[in-house]
2 protein chains.
Amino acid sequence: MRLFTVGPVMMFPEVLEASGGQLPYFRTEEFSGMMKESESILKRLLGAGPDHRTAFLTASGTGAMEAAVAGLFSSSDRLLVVVGGGFGRRFAEICDVHGIPHDDVVLPFGKRLEASDLEVCRDKEYAGLLVNMDETSTGQLYDIRMLSEFCRSKGMLLVADAISAFLADPIDMRKDGIDVLITSSQKALSLSPGISIVVLSRGAYERLLRNESRLYYLDLKRHIKDQERGQTPFTPAVGTLIELNVALRAIDSAGIDDVVARTARLAAYFRKGAAERGLRIPGYPLSNAVTPILLDSGAYDVFLRLKDGYGLVVTPSGGDLRDRMLRVGHIGNLSEEDYDVLFEALDEVLGPGKG
Amino acid sequence: MRLFTVGPVMMFPEVLEASGGQLPYFRTEEFSGMMKESESILKRLLGAGPDHRTAFLTASGTGAMEAAVAGLFSSSDRLLVVVGGGFGRRFAEICDVHGIPHDDVVLPFGKRLEASDLEVCRDKEYAGLLVNMDETSTGQLYDIRMLSEFCRSKGMLLVADAISAFLADPIDMRKDGIDVLITSSQKALSLSPGISIVVLSRGAYERLLRNESRLYYLDLKRHIKDQERGQTPFTPAVGTLIELNVALRAIDSAGIDDVVARTARLAAYFRKGAAERGLRIPGYPLSNAVTPILLDSGAYDVFLRLKDGYGLVVTPSGGDLRDRMLRVGHIGNLSEEDYDVLFEALDEVLGPGKG
């Protein structure tokens, strides 16, 4: 099986080598040292400073989204949410469950987010903006600088889900004005799913401390406090945290710019080949993580035929787009040759001129 | 390193073999089939019926405890909590965070839970009882039949954390009158940490459906609904779920009685040797999962010396018991020979007559 998915993805040899062995006990100095090293590398990769705080949660990215939203905001706040697909909707649903009022900037499928979409909200007061940097369900990469300028001008906290954007698209928390960044192990980090991470600026952390926590397991305060000594409040996914340390050290020594450039190259290679085949790609700005392919019908069937007939797993879509969109991932251990194989299979499955 | 811990523990060869490889994509029929098989074996092992429902959460056991408590109860209920150590306290704290009123049956360290401890609560109304079958922090195994008779006589739901008891002590959800059972991957299942499981009786599930959910990521309703087709609402710890399937099939073919008997034999072997050496063991009923060893002082230092000098990792204690208690685990891939090695090291570290 070759995975062109957006998580789990093809894993790298150094991670595969580090994973799967007998796990160690974790209430030890050795484990704490590893966790502190991971935090320090991660913050450097994200352009975060020594004042930033980090929480490692044993949960999917959604758990980290909830931990951030419910940890930082309450029913007396109002939030602005960019809802450009399934993951934006998830932010809105999290607000609903926790009784946090929110206004949504809803993008119909295919529409690009522009500064003017926010202007209608210019005169209303918001505590923060929730956005998925890459709305993974459509692949749209939002203009984070435009969003952070809007936030700064209104004194709003910017909470960015960078779950699929981290390592795929350039990110610098301080330069981009991101106050809270969320990411997850199974995207471009290319690890086993099970660990998600929240990094908070000093201002966001101070807000967290002031806000009353209504979550126990996903309590960011406790996670951050324990991480100060390299520990977690509850038994974490030890194996995935070991993989994380291996991956972060590898990325750090390769240089994050090279890692992002590699994904960008793969995305460009695929998009060029797809265009040559007349495959339709949406016109909005795309993350390097994933390319959506639009079909008139039968997209889910194409997913099944590629998987069962060729051992090639692209990412199917849910809901309304199930039969109209496939998503081809560029994160994980993939090469241009992998896309050549995929193109050959697409040519056969979609027929001449369309694949 | 040889682990005498209570999670992660020594893993079995068939699990190690299944873990650590490239992970598959999980939104597939193949993965769904595996998850449905896991549920069906698990329910058989637990003495649960076809009407029972199962949620597989990507979280530690604490996440599953919170999912169960906040999913089933609300601020208009009152709960009874057995607080015999750190994990009982955790149940009480979860109630506090979610505003659920509770009375606690508090056991001072060393006291055995008896039917008379509950009698003071006989005339008060409770929606449910929360108990850690094995209070892992002290190793006390509570009399689950006594507790379930009390619950039945008062129409209370019995929520049992069997995180360390499952596969270590005999459990039969129906015969034992357990309505909600919680367990976790890294205890006697001997897998990587990261997956926890909640199994609900029909009555408990009906209550869950009636109760308004205030959790998003740990929402049991959504997990149970998706598990009906072998899926999870959010990306799960795919690797640990694959390990789980391997382990459940192995346990099922070995027979759960044999698995429990094996742990019981190891516990008896260790306790006999410990008694011969004059090591002090508490007098309350003990789970087969773990044996507490009481020392006058320096327990944490013994933990460090065993780990660093001998590569033998026993479980240290937290809080007040840090220097007075070590816990020696009997779950995971351990043998009598492992305890012989541990005894030899204890003899050296504790000195003659005391180890």
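Located above this text is the structure these notes cover.
Summarised in this report is the structure supplied together with it. (Residues numbered from 1 in each chain as written. Chains lettered and ligands numbered in written order. Predicted model: local features only at pLDDT ≥ 70, side-chain atom pairs only at ≥ 80, totals over all residues. Heavy atoms only, no water.)

### Here's the deal with the overall build of chain A
Each helix and strand counted, chain A has 12 helices and 13 strands in total. Taken over C-alpha atoms, the radius of gyration comes to 20 Å for chain A, in line with the 20 Å a tight globule of 355 residues would show. Along the three orthogonal principal directions, the C-alpha set of chain A runs to about 60 × 55 × 30 Å. Classification of the 355 residues of chain A by burial places 65% in the buried group. For chain A, the share of sequence-separated contacts (at least 6 apart) that also reach a separation of at least 24 residues comes to 71%. Entry remark: accessible area of chain A is about 12,700 Å², with carbon and sulfur atoms responsible for 48%. Taking the average location of the 40 positive side-chain charges in chain A and that of its 49 negative ones, the two points are 3 Å from each other. (Helix = DSSP H or I, 4+ residues; strand = E, 2+ residues; numbered from the N terminus. Rg over C-alpha atoms; globule rule 2.2 N^0.38 Å. Buried < 20%, exposed > 50% of the residue type's maximum accessible area, 1.4 Å probe, protein only. Contact = heavy atoms within 4.5 Å. Areas by Shrake-Rupley, 256 points an atom, 1.4 Å probe, with all protein chains shown as cover. Lys, Arg positive; Asp, Glu negative; His and termini not counted. Charge placed at Lys NZ, Arg CZ, Asp CG, Glu CD.)

### Some words on the relation of the copies chain A and chain B
Both copies of the chain are related by a screw-like operation: a rotation about an axis and a shift along it. Screw-axis analysis of chain A against chain B gives a translation of 0.0 Å along the axis, an RMSD of 0.0 Å, and a rotation angle of 180°. Taken together, these values place the two copies in the relation of a two-fold axis. By C-alpha distance to the rotation axis, the residue of chain A lying nearest is Gly-20 of chain A, at 1.7 Å. Residue by residue, 100% of the interface of chain A is reproduced at the interface of chain B, so both copies engage with the same surface. (Least-squares fit on C-alpha atoms with pLDDT ≥ 70 in both.)

### Some remarks on the environment of Ala-264 of chain B
One can find Ala-264 of chain B in helix α10 (residues 256-276). Along the sequence, Ala-264 of chain B and Ala-68 of chain B sit 196 residues apart, while their C-alpha atoms lie 29 Å from each other.

### As for helix α6 (residues 144-154) of chain A
Regarding α6 of chain A, the residues found buried are Ile-144, Met-146, Leu-147, Ser-148, Phe-150 and Cys-151 of chain A. Those residues of α6 of chain A hidden inside the fold are in contact with β3 (79-83), α5 (115-119), β5 (128-132) and β8 (157-161) of chain A.

### Considerations on the pairing of strand β10 (residues 195-200) of chain A
Residues and elements named next belong to chain A. β10 sits mainly inside the fold: six of its six residues count as buried. Side chains Ile-195, Ile-197 and Val-199 of β10 all project onto a buried face; the interleaved residues Ser-196, Val-198 and Leu-200 project onto the opposite face, where all are buried too. Strand direction decides the pairing type here: strand β2 (residues 53-58) and β10, joined by six bridges, are antiparallel. Along β10, the bridge assignment pairs Phe-56 with Ile-197. (Pairing = 2+ DSSP bridges.)

### Quick word on the pairing of strand β9 (residues 180-184) of chain A
Residues and elements named next belong to chain A. With five of its five residues buried, β9 lies for the most part within the structure. Alternating positions in β9 separate into two faces, Val-180, Ile-182 and Ser-184 on one and Leu-181 and Thr-183 on the other, with burial throughout. Both β8 and β9 contribute to a ladder of three bridges, which runs parallel. Bridge pairing in β9 links Ala-160 to Leu-181.

### Looking at the pattern of salt bridges
In this structure the tally under the stated criterion is 40 salt bridges over all chains. A salt bridge links Arg-202 of chain A to Glu-206 of chain A; its shortest N-O distance comes to 3.2 Å. Within this pair, Arg-202 of chain A and its partner Glu-206 of chain A are both found in helix α7 (residues 202-210), separated by four residues, close to a single helical turn. Overall, Arg-202 of chain A belongs to the partly exposed group, its relative accessible area being 49%. Relative accessible area serves as the criterion here: at 35%, Glu-206 of chain A is assigned to the partly exposed category. The salt bridge involving Asp-296 of chain B is made with Arg-280 of chain B; its shortest N-O contact spans 2.9 Å. A residue pair is termed long-range when its members are at least 10 positions apart, and Asp-296 of chain B in the loop between β11 (290-294) and α11 (299-310) and Arg-280 of chain B in the loop between α10 and β11 qualify at 16 residues. Taken together, the salt bridges that share partners define one network made up of Glu-30 of chain A together with Lys-307 and Asp-308 of chain B. (Salt bridge = Lys/Arg side-chain N within 4 Å of Asp/Glu carboxyl O.)

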